[in-house]
Amino acid sequence: MLRLTANHGCLADFYSLHIVFFTAHCGSCGPGYKSPLDAMKGPHEELIYVPCIYRNTGINKPDYLATVDVKRNSAHYSQVIHRLPMPNVNDELHHSGWNTCSSCFGDSTKVRDKLILPCLISSRVYVVDVGTDPRAPRIHKVVEADDIKEKCGLAYMHTSHCLGCGDIMISTLGDPEGNAKGGFVLLDAETFEVKGNWEKKGQAAPFGYDFWYQPRHNVMISTEWGAPKALIGGFNPDDVAAGHYGHHLHVWDWKTHTRIQSLDLGDDGQIPLEIRFLHNPDAAQGFVGCALSSSIFRFFKTKDEKWAAEKVIQVPAKKVQGWALPEMPGLITDILLSLDDRFLYFSNWLHGDIRQYDICDTQHPKLVGQIFLAGSILSDGPVTVLDDPELKHQPDPVIVKGRRVPGGPQMIQLSLDGKRLYVTTSLYSGWDKQFYPDMICNGSVMLQIDVDTHKGGLKLNPDFMVDFGKEPHGPALAHECRYPGGDCSSDIWV
């Protein structure tokens, strides 16, 4: 029971506190929680794992996994307590996943004790042991890019999800030559050997990025970023017109591993990135954030058993002076849904705000919370806003514990109970360097937002700031957050 409890996110120094909880609620169950609503009753997060990147910063050191103490009364609250360097440089750690999650809840032989770290640029996959000592993770295995290339013909790894069958699936952006190719790599969840492609031969999508599956509807839907050759060094608007970035959702038959529909989101759906089904496994709908067009689309199953999408939120561009283009999009880069499917959250990396929407009526989301943290339109910056349909004044810079928040709010992660939202400010080192060069020099940060889960509302916690500008080897770029016990963007219920 100790091992099972530990890998639900319960650390060694407080095992006894949670043994009773998990014994009463889990019995001999597997990892995660029986349902999304059960997950909301889980223990508060006390650790967060955050990939930190040195590629493009001028610091020739490996990326590393930082362990951050987020236990409110801890002596090390809001501090990095451990750093696990990778064995190589220039990997570009990005998103992460688990060896198993709530999709395997009924299997008592499964334990959530390995964090899967795909590399966006080197195409390696690091398997990190977080079960032996959650406060001090260690490398368990390295899956080399050559193995993935030989067996799958894929590269530029992105999203990792565990599957109920016991495999791990990782989406890709391209082939080893840097051309766009939206395929999926399967790893064995016990040995972490490359098993081959998930998709049937010849079925890869034109572009790849994120994905989410919903077995009760026999469906998976994937999204599109761009061709690795186009985005690796930075963003060029001409590449959009040239067709090097995507604007489709791809619908897959979950059982046959074949692509059955491609939904063209058009000009209003340029660069669809993060995709989230509603957490309810019976739900046949969800949302996707489209970065360049700064829009949120709702996707859904129609009466004739097909899939469709409609725009439900639009963040208007701002007319500006002193920036690269005459209009600045919000650039929606991450979205989340609360585990009870009540709220949608997303970040506008360029405008600098995080928004909270009530989605009880999924066709008509209602804005109920908004907070500006940083971004490119600050009142003391080089950009002048000439016309803004939303704001009367440019927002002021935000200072937390003496540090000015750099970059813009980017990756977000919500606590299980929905009351705390964590945010980091780095997107991808090549784009960070282009849009926020000061963050390359001074490092990114991690903040925590208190959430009103009754009426809606977002408030900055002034006591929480992880400053990755003060790391031992120099300023680093912190990206996606994961809790040891799972969260609302890694767990899928089947």
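A short tour of the structure in this document, coming up. (Residues numbered from 1 in each chain as written. Predicted model: local features only at pLDDT ≥ 70, side-chain atom pairs only at ≥ 80, totals over all residues. Heavy atoms only, no water.)

## Quick notes on helix H4 (residues 145–152)
Heads up, the condition is: Accessible area is worked out with a 1.4 Å probe on protein chains only. A residue is then buried under 20% of its type maximum, exposed over 50%, and partly exposed in between. The secondary structure listing takes helices from DSSP runs of H or I that are at least 4 residues long and strands from runs of E that are at least 2 residues long, numbered from the N terminus. Each direction from the helix axis to a C-beta atom contributes to the arc, which is the arc of those directions. In what follows, residue pairs with any heavy atoms lying within 4.5 Å of each other are defined as contacts.
If you check which residues of H4 are buried, you get Ala145, Ile148 and Cys152. Each buried residue of H4 lies within a common arc of 65 degrees when the element is viewed along its axis, so the set occupies one face. Away from the buried face of H4 by more than 90 degrees, exposed residues Asp146 and Glu150 are located. At its buried positions, H4 is contacted by strand E6 (125–129), strand E7 (138–143), strand E8 (155–162), strand E10 (184–188) and strand E11 (194–197).

## With respect to unusual backbone geometry
Negative phi is the rule for most residues except glycine; trans is the rule for most peptide bonds. Phi angles above zero are rare outside glycine, and His257 is one such case at about 65 degrees. Mapped onto the fold, His257 is located in the loop between strand E14 (248–253) and strand E15 (258–264). Relative accessible area serves as the criterion here: at 23%, His257 is assigned to the partly exposed category. Backbone geometry at Leu331 places phi at a positive 60 degrees, although glycine is not the residue there. Within the secondary structure, Leu331 sits in the loop between strand E21 (327–328) and strand E22 (332–337).

## Section: the side chain of Ser295
Here is the rule we go by: Throughout this description, a polar contact denotes any pair of N or O atoms lying within 3.5 Å of each other; where both atoms belong to protein, one of them has to be capable of donating a hydrogen while the other can accept it, and for residues adjacent in sequence the pair is counted only when both atoms sit in side chains.
If you trace the backbone, Ser295 turns up in strand E18 (residues 295–301). Side chain to side chain, Ser295 and Ser293 meet in a polar contact 3.1 Å long. Ser295 has contacts with Asp268, Gly269, Val288, Gly289, Cys290, Lys311, Ile313, Gln314 and Ile332, leaving out every residue within four places of it along the chain.

Note that every value here comes from positions in space, so none of it alone points to a role or purpose.
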